[in-house]
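Tertiary structure, described
Here is how the chains run, residue by residue.
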Amino acid sequence: MSDCIFCNIVSGEIPATVVYEDDQVLAFDDLSPQAPVHTLVIPKAHFSSLADDVDTATLGAVFTAVRAVAVLKGIDQSGYRTIVNSGPDSMQTVEHLHVHVMGGRKMAHGMVVFSGD
Ligand code: 5GP
Ligand code: ZN
């Protein structure tokens, strides 16, 4: 997927601040952070979103990496919000499956995303 931004981050063609990496997963800081910690966790393999037929091994690897990222960022005890946008109504902008990991401050209560007061 040469036209996919996140595939190009996986291949190193687009630079990113990498937080965590293993065989299946890459995690890097969001370019436009909405919280003191805002890291994206992606499978290295290309899936457009959760609506793709994502295998359970990949899903497991991604969410295990989410936990590792929280520890590395020091927010595992204070807590964090994870968000996965899938498709147009979610306002997904990058069509490569990714989990937002956001923390370091109190989030808005409930399901209001990205705003916090
Ligand atoms: P979405 O709206 O698709 O759930 O989230 C996409 C996220 O990717 C946004 O938070 C946006 O700031 C981030 N993003 C878009 N392009 C880049 C990039 O080139 N590098 C990084 N690190 N993040 C990006
Ligand atoms: Zn991709």
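This report concerns the structure included in the present document. These numbers come from a predicted model, not from an experiment. (Residues numbered from 1 in each chain as written. Chains lettered and ligands numbered in written order. Predicted model: local features only at pLDDT ≥ 70, side-chain atom pairs only at ≥ 80, totals over all residues. Heavy atoms only, no water.)

A few points about the side chain of Thr-58
Tracing the chain through its elements places Thr-58 in helix 2 (residues 56-72). Within the local environment of Thr-58, its side chain forms a polar contact with the side chain of Asp-55, the two groups lying 2.8 Å apart. Among residues more than four places away in sequence, those in contact with Thr-58 are Gln-24, Pro-43 and Phe-47. (Helix = DSSP H or I, 4+ residues; strand = E, 2+ residues; numbered from the N terminus. Polar contact = N/O pair within 3.5 Å; in protein donor to acceptor, adjacent residues only side chain to side chain. Contact = heavy atoms within 4.5 Å.)

Points about the side chain of Arg-81
Looking at the secondary structure, you find Arg-81 in strand 4 (residues 80-83). Residue classification places Arg-81 among the buried positions, given a relative accessible area of 18%. One polar contact links the side chain of Arg-81 to the main-chain carbonyl oxygen of Ala-108, over a distance of 2.7 Å. (Buried < 20%, exposed > 50% of the residue type's maximum accessible area, 1.4 Å probe, protein only.)

Notes on the coordination of the zinc ion (ligand 2)
Coordination of the zinc ion (ligand 2) by the protein is provided by Cys-4 (SG), Cys-7 (SG), His-46 (ND1) and His-96 (ND1), with metal-donor distances spanning 2.0 to 2.3 Å. Between the donor residues of the zinc ion (ligand 2), the gaps in sequence give the motif C-x2-C-x38-H-x49-H. With a gap of 50 residues between them, His-46 in the loop between strand 3 (37-43) and helix 2 and His-96 in the loop between strand 4 and strand 5 (99-103) connect regions that are remote in the sequence. (Donors = N, O, S within 2.8 Å, 3.2 Å for Na, K, Ca; no water.)

As for the site of ligand 1
Near ligand 1 there are 16 residues, and of these Asp-30, Asn-85, Thr-93, His-98 and His-100 occur at the shortest range. The separation between an oxygen atom of ligand 1 and a polar main-chain atom of Thr-93 is 2.7 Å. Notes on ligand 1: free accessible area 520 Å², of which the protein chains cover 85%. Within the residue set of the shell around ligand 1, elements represented by two or more residues are helix 1 (5-11) and strand 2 (25-29). Looking at the shell around ligand 1, the element that brings in the most residues is helix 1, giving three residues. Residue composition of the shell around ligand 1, grouped by class: eight nonpolar, six polar and two charged. (Near = heavy atom within 4 Å. Areas by Shrake-Rupley, 256 points an atom, 1.4 Å probe, with all protein chains shown as cover. Nonpolar A, V, L, I, M, F, W, Y, C, P; charged D, E, K, R; others polar.)

Here we look at the sheet that holds strand 4
Within the open sheet, the five strands sit side by side as 1-2-3-5-4. Their pairing is antiparallel. Of all the strands in the sheet, the pair left with one neighbour each is strand 1 (18-21) and strand 4. Averaged over neighbouring strand pairs, the angle between their axes works out to 20° when direction is ignored. As judged from the five bridges shared by strand 2 and strand 3, these two strands associate in the antiparallel manner. By the bridge assignment, Leu-26 is partnered in strand 3 with Ile-42. On the sheet, helix 2 packs against strand 1, strand 2, strand 3, strand 4 and strand 5 and is oriented at approximately 155° with respect to strand 3. (Pairing = 2+ DSSP bridges. Axes fitted to C-alpha atoms, helices over the stretch in contact; angles between N-to-C directions.)

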